[in-house]
Amino acid sequence: MTTVNEKTPTDARQLVNKLWNYCHVLRHDGVSTIDYVDQLTLLLFLKMAQERAERKLGRELVVPQHLGWQTLLDADAKKLKDHYDDILEELGEKGGALGRIFHNAQNKIRNAATLKKLIVDLIDKENWTSTEVDIKGDAYESLLEKAAEDAKSGAGQYFTPRALIDTMVDCMLPTPKDTIVDPACGTAGFLLAAHQHIQERYGDQFTREDAEHLATGGISGVELVEDTARLAQMNLLVHGIGRASGEALIKVEDALADVPSARASLVLANPPFGRKSGLASVDESGRVSREDVSYDRTDFWVTTSNKQLNFVQHIYTLLRVDGRAAVVLPDNVLFEGGAGEQIRRRLLQDCDVHTLLRLPTGIFYAGGVKANVLFFNKKRARPERPWTNKLWVYDFRTGEHFTLRQRKLARHHLDEFVKAYKPGQPREEREESDRFKCFTYDELIARDKASLDITWLRDPDLEDGDNLQPPEIIAQEIVEDLQAALNEFAAVAEALQLAKAEREGNVVDE
């Protein structure tokens, strides 16, 4: 007998292929891959809302009837676009999850015949709420991943590899009682994985009260880009998290702008990479304008324009005492001087910074990224003695080679790290190995600038010239190294330009 779990991957894959094949049709109309998923999000919601309203039991009228799915089916081609535009505008003015999905939404499928075909022949043919929610959820998430693979769309910046997400969640062991927040949630990958982990681990112990807690704010995220937030909110809904008629679980705002209004017991995040917090531009007269280059937050230890350093400070303030965090951070956060050094010293003092996972290149959709995962727990103030005792560093970078196509990172590649991490067990039971070493607080604080950029392994490619990686992998790594260097040079050039403008008194603060 075939179980639901056995046929779910096949069903999801077939559904993805069906949806994705239609993307090629829309490309001829100038619709990008990420815009296609965005448009699917809007139409899928309307179709699912109708299906829920038509159930014999538990009728839920989320969308007013005159704005519902049936009106799109009934509209002729001449009136379809105008009617759809009216639906988007009116629903965008609603509150809660409904308003989050439709706020500022636009119809980017300008060919009425193509829009009609998408509605009638593709989406209406499926019953999106009749089968297990994970089939539809897996299909939707796979669509987001496919969109992220399209380098031209830039969508990859919002997508963290699922293998890395699952590894971080497996180490952090989220519980039904946790309040879980991702302050830079992208399409909500961390939130989905945490929810799935809780359901699978607790099974029959997962109560109605637990489900209510997670659906009404126990799981939430913040996203700066509105279109991405729409995808995140829909991603949660198709996975059964939250309610279409309830409050939005995804906020659209700059997470760094204000002091958190509530605290979290668990933060999972991959903040956006980039050297500064805002954008700078030069007008025709040569004057430099800048927008939120740094944040004047009284709860921050240091004022800096480095976006990742600000996210580290924000996550610290976001956590409640004894809250725990797993955060993806680029290498510069580990070694940068000035504000970086001050923040690392405070973090080692005020938190139990216990584990660092050094990641290989070639695993992110954004090129040239050298990153790490930092695990730490927030503690009560204790000026007389630091909370960090030992930092365990796992080097998963040296000698490891991944690409997005020839050798894609999979969850099993990180099994040894999770085994060494020993989730849920006392850290005293950890054992050192070739890749896993511990460093005391005194050793860390004595390093130049309190740098956490620690390496000890020698690259086997340098030791054995006869055992080199395939040319395509070497070429990809060269490209990524050049991209990383270019990003650094661009940031330095921009910082120098701003500094010069400030000295000349030409900066316009907005």
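What counts and what doesn't
Residues numbered from 1 in each chain as written. Predicted model: local features only at pLDDT ≥ 70, side-chain atom pairs only at ≥ 80, totals over all residues. Heavy atoms only, no water. Pairing = 2+ DSSP bridges. Helix = DSSP H or I, 4+ residues; strand = E, 2+ residues; numbered from the N terminus. Axes fitted to C-alpha atoms, helices over the stretch in contact; angles between N-to-C directions. Contact = heavy atoms within 4.5 Å. Buried < 20%, exposed > 50% of the residue type's maximum accessible area, 1.4 Å probe, protein only. Phe/Tyr/Trp six-rings, centres within 6.5 Å; stacked < 30°, edge-to-face > 60°. Salt bridge = Lys/Arg side-chain N within 4 Å of Asp/Glu carboxyl O. Patch = residues over 30% accessible without salt bridge, like charges linked within 9 Å, V, L, I, M, F, W, Y side chains within 5 Å. Areas by Shrake-Rupley, 256 points an atom, 1.4 Å probe, with all protein chains shown as cover. Lys, Arg positive; Asp, Glu negative; His and termini not counted. Charge placed at Lys NZ, Arg CZ, Asp CG, Glu CD. Parallel < 35°, antiparallel > 145°, perpendicular 65-115°, else oblique. Nonpolar A, V, L, I, M, F, W, Y, C, P; charged D, E, K, R; others polar. Expected span 1.5 Å × (residues − 1).

A.B. asks: An account of the sheet that holds strand β8 (residues 351-358) is needed here, citing residue identities and associated values.
C.D. replies: Judged by pairing direction, the sheet is mixed, and its nine strands sit side by side in the order β3-β2-β1-β4-β7-β9-β8-β10-β11 without closing on themselves. The sheet terminates laterally at β3 (250-252) and β11 (436-440), the two strands that pair on one side only. Averaged over all adjacent pairs, the angle separating strand axes in this sheet is 15 degrees, with direction ignored. Taken together, the four bridges between β8 and strand β10 (residues 390-395) define a ladder with parallel strand orientation. Residue pairing across strands places L357 opposite Y394, the latter belonging to β10. Along the sheet face, helix α11 (residues 226-238) touches β2 (219-223) and β3 and points at about 170 degrees away from the line of β3. Sitting on the sheet, helix α12 (residues 307-318) touches β1 (180-182), β4 (264-269), β7 (319-330), β8 and β9 (371-378), and the angle it makes with β7 is about 160 degrees.

A.B. asks: Please provide a residue-by-residue account of the environment of K94, values included.
C.D. replies: Inspection of the secondary structure puts K94 in the loop between α4 (77-91) and α5 (96-102). Assessed through its relative accessible area of 36%, K94 is described here as partly exposed. When residues no more than four places from it in sequence are discounted, the contact partners of K94 are P64 and G99.

A.B. asks: For the packing of aromatic side chains, give the residues involved together with the corresponding values.
C.D. replies: The tally for this structure, following the rule as stated, stands at ten aromatic pairs. Their ring planes at 70 degrees and their centres at 5.3 Å tell us that Y394 and F417 sit as a pair that is edge-to-face. Taken together, the residues span a long stretch of sequence, with Y394 in strand β10 and F417 in helix α15 (residues 415-421) at a distance of 23 residues. Between F439 and W456, the ring centres sit 6.0 Å apart and the planes meet at 50 degrees, which makes this aromatic pair tilted. One end of the pair, F439, is in strand β11; the other, W456, is in the loop between α16 (441-446) and α17 (460-463), with 17 residues separating them in the sequence. Accessibility expressed as a relative area gives 18% for F439, which makes it buried. Here W456 falls in the partly exposed class, since its relative accessible area comes to 26%. Aromatic ring contacts, followed pair by pair, group F375, W392, Y394, F417, Y421 and F436 into a single cluster.

A.B. asks: Please give an account of the pattern of salt bridges that cites residues and values.
C.D. replies: Close approach of charged atoms allows side chains with opposite charge to pair. In this structure the tally under the stated criterion is 22 salt bridges. Salt-bridge contacts for K108 lead to D35; the nearest nitrogen and oxygen are separated by 3.0 Å. One end of the pair, K108, is in the loop between α5 and α6 (112-123); the other, D35, is in helix α2 (residues 33-53), with 73 residues separating them in the sequence. R162 serves as the salt-bridge partner of D166, at 2.8 Å between the closest nitrogen and oxygen. With D166 and R162 both in helix α8 (residues 162-172) and four residues apart, the pair spans about one turn of that helix. Overall, the relative accessible area of 22% leaves D166 in the partly exposed class. Salt bridges linked by common partners bring D35, D38, K108, D227 and R230 together as one network.

A.B. asks: Hey, could you go over a negative patch on the surface for me, with residue numbers and the actual values?
C.D. replies: Side chains of D82, D86, E89, E90 and E93 sit close together on the surface and give a patch of like negative charge. Residue position: E90 is located in helix α4.

A.B. asks: I'd like a description of the packing of α2 against α4, backed by residues and values.
C.D. replies: At a minimum axis separation of 12 Å, α2 and α4 run at an interaxial angle of 85 degrees. On the basis of their axis angle, the class for α2 and α4 is roughly perpendicular. Residues Q39, L42, L43 and L46 of α2 form the contact with α4, whose participating residues are Y84, I87, L88 and L91. Counted by class, the contact of α2 with α4 contains seven nonpolar, one polar and no charged residues.

A.B. asks: Give a description of helix α9 (residues 189-202) that names residues and reports values.
C.D. replies: Compared with an ideal rise of 1.5 Å per residue, which puts 14 residues at 20 Å, α9 spans 20 Å between its outermost C-alpha atoms and is within 8% of the ideal. Just past α9, the residue G203 takes up positive phi, approximately 50 degrees.

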